[in-house]
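# Results of the structural survey
This is what each chain is made of:
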Amino acid sequence: MACHGKKLLNNPSDVVTEFIEGLVETYPALQRLDGFPEVKVVLRADVSGATYDKVAVISGGGSGHEPAHAGFVGEGMLTAAICGDVFASPQVDSILAGIRAVTGPMGCLLIVKNYTGDRLNFGLAAEQAKSEGYKVEIVIVGDDCALPPPRGIAGRRGLAGTILVHKVAGAAAAAGLSLAEVAAEAKRASEMVGTMGVALSVCTLPGQVTSDRLGPGKMELGLGIHGEPGAVVADLQPVDVVVSLILKQILSLETNYVPITRGNRVVLMVNGLGATPLMELMIATGNAVPKLQLEHGLAVDRVYTGSFMTSLDMAGFSISIMKADQAILHCLDAATKAPHWPVGVDGNHPPAKIPIPMPPSHSTKSEELLSRPLQLNQQGHIMEVAIEAAANAVINLRDSLNEWDSKVGDGDCGSTICRGAITILEDMKKYYPLNDAAETVNEIGSSIRRVMGGTSGILYNIFCKAAYAQLKASTQSVVTSKQWCEALDAAVASISKYGGASAGYRTMLDALIPASTVLQERLNAGIDPCTAFLLSSEAALTGAESTRHMQAQAGRSTYVSREILESVPDPGAMAAASWYRAAALAVKDTYQAS
Ligand SMILES: Nc1ncnc2c1ncn2[C@@H]1O[C@H](COP(=O)(O)OP(=O)(O)O)[C@@H](O)[C@H]1O
Ligand SMILES: O=C[C@H](O)COP(=O)(O)O
Ligand SMILES: [Mg+2]
Ligand SMILES: [Mn+2]
């Protein structure tokens, strides 16, 4: 039976902030940026952006993988870590704050695990940082060897092998290499490493119920680090057998994921997923080394055993194997003060917080410039009821979205979207200029941009930006239904452009594209706008429901088997249909009442 996981926590939505507070109190050489609670950045206490004379190495991603990534900040490894909410990539502004805090004239390298949310958020932050004059390079790590090459556009997942890439890049940067050289070292390292995991239990996200997916006596092989289902469920075997299976898969000549062949030298990392005793990890290591040597003909030059890249409280481990040459070994052996790389730390205790550095021309926060109109005109009133209804609809759907995402993704979709919706409701009361529809859409985008990470966060941010641009270009004061329709069309197109997905990929677009198409058709047919909006919202719902039968070609669902996919609809599509439908109903009710 599913039950609420027992946890020693306060508010589940504060876990990342509170983790960081404990971390910087524990390690004197680490600081955090202070000022906006949404910005969760840990950085070296001895580095100050403007004057830093080495390449800054920055990583991060969703939280829940502790000690990654913040525990690997320190001289010789990461310069800063950007922490998202649990399993949700950090927002662009958080990443930018981190870049500004530690990047000097040599530039910065962003090391990003291959997830849609991370790629998009770090990618956009890199573009923005470049436009501010920073030199930025990105290296994406996808070391997963468990699955055949994923369908569609998602690519291989980034797993614990990323830690080894952090170390190589950190050492290269510490040695004074240029940005291009550090990026090249990191890229090379990322191509040398492969990882695969086994789990005995599924992790419990803070505040959510514990999944009963993995029954007693079962193990999952080839899972990721977000609680997603593994490639294969099997009866639990002795660890010796499990290790053999994993090593074979990583080194498989069929997939050819790592360029390792007999006679090569390798590095081994055995990584606990959060709830595995060190005893079991050491046993796995003790089994792996002779197998690598005797069965695979490899020289094992270095071994790292511990919990480096976890998945909250998941029981199990992953094994990473990296091809080693002199250059890589030199980097792995170089000194570092990163507290969770297996070496000691030293240092005095500077203040544990420093303020968030602002961009050169810092734009004033929305709320200082804007205010909610004292009197709402008809359009303003409709905006208000539609936004309220849309936000409440996804807030009410939170648990279902999380549940669906925990089956076909990583379980954060509802929490991420709900966080955005709550903030939109709060900000709307405070300062949305509701009588100006275009500016209101823009402000919805900034609320989202501030608090929502993950794939949904960045894609809805992009959605609002495109809708705003279209409305701005075509609107005088009152937005016509045709202009709304064009704005929706532009917004949907921009999600497709940046996210790379199209109709039928099993994403939010499978709700939004039918909505946009039917709205346009109905309006062109001369139907009244309220009815057209309603009909298009039915199309959105039908589209969202139909995702159940789609193979996934984008996002995390591409890692999941067809049987599981068929059991639930795509959470992002359901969320989109739900807010869109609620807005349409609210608009209809308002018109009927008036
Ligand atoms: N490339 C993409 N384009 C459009 N939507 C996408 C894409 N990838 C994933 N999605 C949507 O994002 C939803 C999941 O959102 P979220 O949980 O925030 O993502 P994640 O945890 O994977 O970052 C999916 O259900 C899907 O609808
Ligand atoms: O921990 C999760 C990843 O770093 C974030 O990826 P996501 O935002 O695509 O879920
Ligand atoms: Mg996520
Ligand atoms: Mn998710």
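Below is a short write-up of the structure. None of these values were measured; they are calculated from a predicted model.

### Details of the coordination of the magnesium ion (ligand 3)
Here the magnesium ion (ligand 3) is held by the protein donor atoms Phe87 (O), Asp410 (OD) and Asp412 (OD), which lie 1.9 to 2.3 Å from it. When the donors of the magnesium ion (ligand 3) are listed by position in the chain, the intervening gaps give F-x322-D-x1-D. The distance between the magnesium ion (ligand 3) and the manganese ion (ligand 4) comes to 3.5 Å, and Asp410 binds to both of them. On the criterion of sequence distance, the pair formed by Phe87 in the loop between β5 (80–86) and α2 (92–102) and Asp412 in the loop between α11 (398–408) and α12 (413–431) is long-range, its members being 325 residues apart. The same class applies to Phe87 as to Asp412, namely buried.

### Considerations on the sheet that holds strand β8 (residues 193–199)
Across the sheet, six strands lie side by side as β11-β10-β8-β14-β12-β13; this open sheet has mixed pairing. The two strands at the open ends of the sheet, each matched to only one other strand, are β11 (232–235) and β13 (299–306). Taken over all neighbouring pairs, the strand axes of this sheet differ in orientation by 20° on average, direction set aside. Two elements, strand β12 (residues 265–272) and β13, share seven bridges in a ladder whose sense is parallel. Considered in β13, the bridge of Asn271 is made with Gly306. Along the sheet, helix α6 (residues 239–250) makes contact with β8, β10 (218–221) and β14 (316–323), crossing β14 at roughly 40°. Running at roughly 30° to β13, helix α8 (residues 326–333) makes contact with β12, β13 and β14 of the sheet.

### Some points on the nonpolar core
Among the nonpolar cores identified, the biggest contains 99 residues, and Leu110, Phe463 and Trp579 are the most heavily contacted of them. Take this core: its biggest share by element is ten residues, from helix α19 (residues 571–593). Among the domains, domain 1 (3–336) and domain 2 (366–593) are the pair contributing at least three residues each to this core. Beyond its immediate stretch of four places on either side in the chain, Phe463 contacts Leu488, Ala491, Val492, Ser494, Ile495, Leu512 and Trp579. In terms of nonpolar packing, the next biggest core, distinct from the first, is built from 63 residues, Ala199, Ile225, Met309 and Leu332 among them.

### Thoughts on the sheet that holds strand β7 (residues 136–141)
What holds strands together in a sheet is hydrogen bonding between their backbones, with the strands either parallel or antiparallel. One open sheet holds the seven strands; their spatial order is β7-β6-β4-β5-β3-β2-β15, and the pairing between them is mixed. The two strands at the open ends of the sheet, each matched to only one other strand, are β7 and β15 (353–355). This sheet shows a mean twist of 25° between the axes of neighbouring strands, independent of strand direction. Pairing between strand β6 (residues 108–113) and β7: six bridges, direction parallel. Pairing of Leu110 across the sheet is with Ile138, part of β7. The strands touched by helix α4 (residues 161–174) are β4 (56–63), β6 and β7; relative to β6, the strand with the most contacts, the crossing angle is about 175°.

### A word on the coordination of the manganese ion (ligand 4)
Note on the manganese ion (ligand 4): its protein donors are Asp405 (OD), Asp410 (OD) and Asp412 (OD). The metal-donor distances range over 2.0 to 2.3 Å. Counting residues between consecutive donors of the manganese ion (ligand 4) along the chain gives the motif D-x4-D-x1-D. Residue Asp405 is classed as buried on the basis of its relative accessible area of 8%.

### Digging into the site of ligand 2
Not every one of the 16 residues close to ligand 2 is listed here, only the nearest: His65, Ser89, Asp118, His226 and Arg556. Interatomic distance of 2.7 Å between a backbone N/O atom of Ser89 and an oxygen atom of ligand 2. Asp118 places a side-chain nitrogen or oxygen 2.4 Å from an oxygen atom of ligand 2. Contact with the protein chains covers 98% of the free accessible surface of ligand 2, which is 300 Å².

Conventions and cut-offs
Per-chain numbering applies: the sequence of each chain, read as written, is numbered from 1 onward. All chains are assigned letters beginning at A, and all ligands numbers beginning at 1, according to the order in which they are written. Where local features are concerned, this predicted model is filtered to residues with pLDDT of at least 70; where side-chain atom pairs are given and counted, the filter is 80 or more; whole-chain, interface and lining totals use all residues. Each side-chain value is worked out from all heavy atoms of the structure, with water and hydrogens disregarded. For Na, K and Ca the donor cutoff is 3.2 Å, while for all other metals N, O and S atoms must lie within 2.8 Å; water is not among the atoms, so some sites may look incomplete. Strands here are runs of E lasting at least two residues and helices are runs of H or I lasting at least four, both read from the DSSP assignment and numbered beginning at the N terminus. Accessible area is worked out with a 1.4 Å probe on protein chains only. A residue is then buried under 20% of its type maximum, exposed over 50%, and partly exposed in between. Following DSSP output, two strands are said to pair if at least two bridges run between them. As a rule, the C-alpha atoms of each element are fitted with a line to give its axis, helices using only the stretch in contact, and angles between N-to-C directions run from 0 to 180 degrees. In what follows, residue pairs with any heavy atoms lying within 4.5 Å of each other are defined as contacts. Joining through side-chain atoms within 4.5 Å is the link that ties buried Ala, Val, Leu, Ile, Met, Phe, Trp, Tyr and Cys residues into a set, and such a set is a nonpolar core. Bear in mind that the domain bounds are from an automatic or database domain assignment. It suffices for a single heavy atom of a residue to lie within 4 Å of a molecule or strand for the residue to be listed as near it. Within 3.5 Å is the distance limit for a polar contact, defined as a pair of N or O atoms, with the added protein rule that one can donate a hydrogen and the other accept it, and that residues adjacent in sequence qualify only through two side-chain atoms. Note that accessible areas follow from Shrake-Rupley with a 1.4 Å probe, and for residues the cover is restricted to the protein chains shown.

Interpretation note: all reported values are geometric properties and have no functional meaning in isolation.
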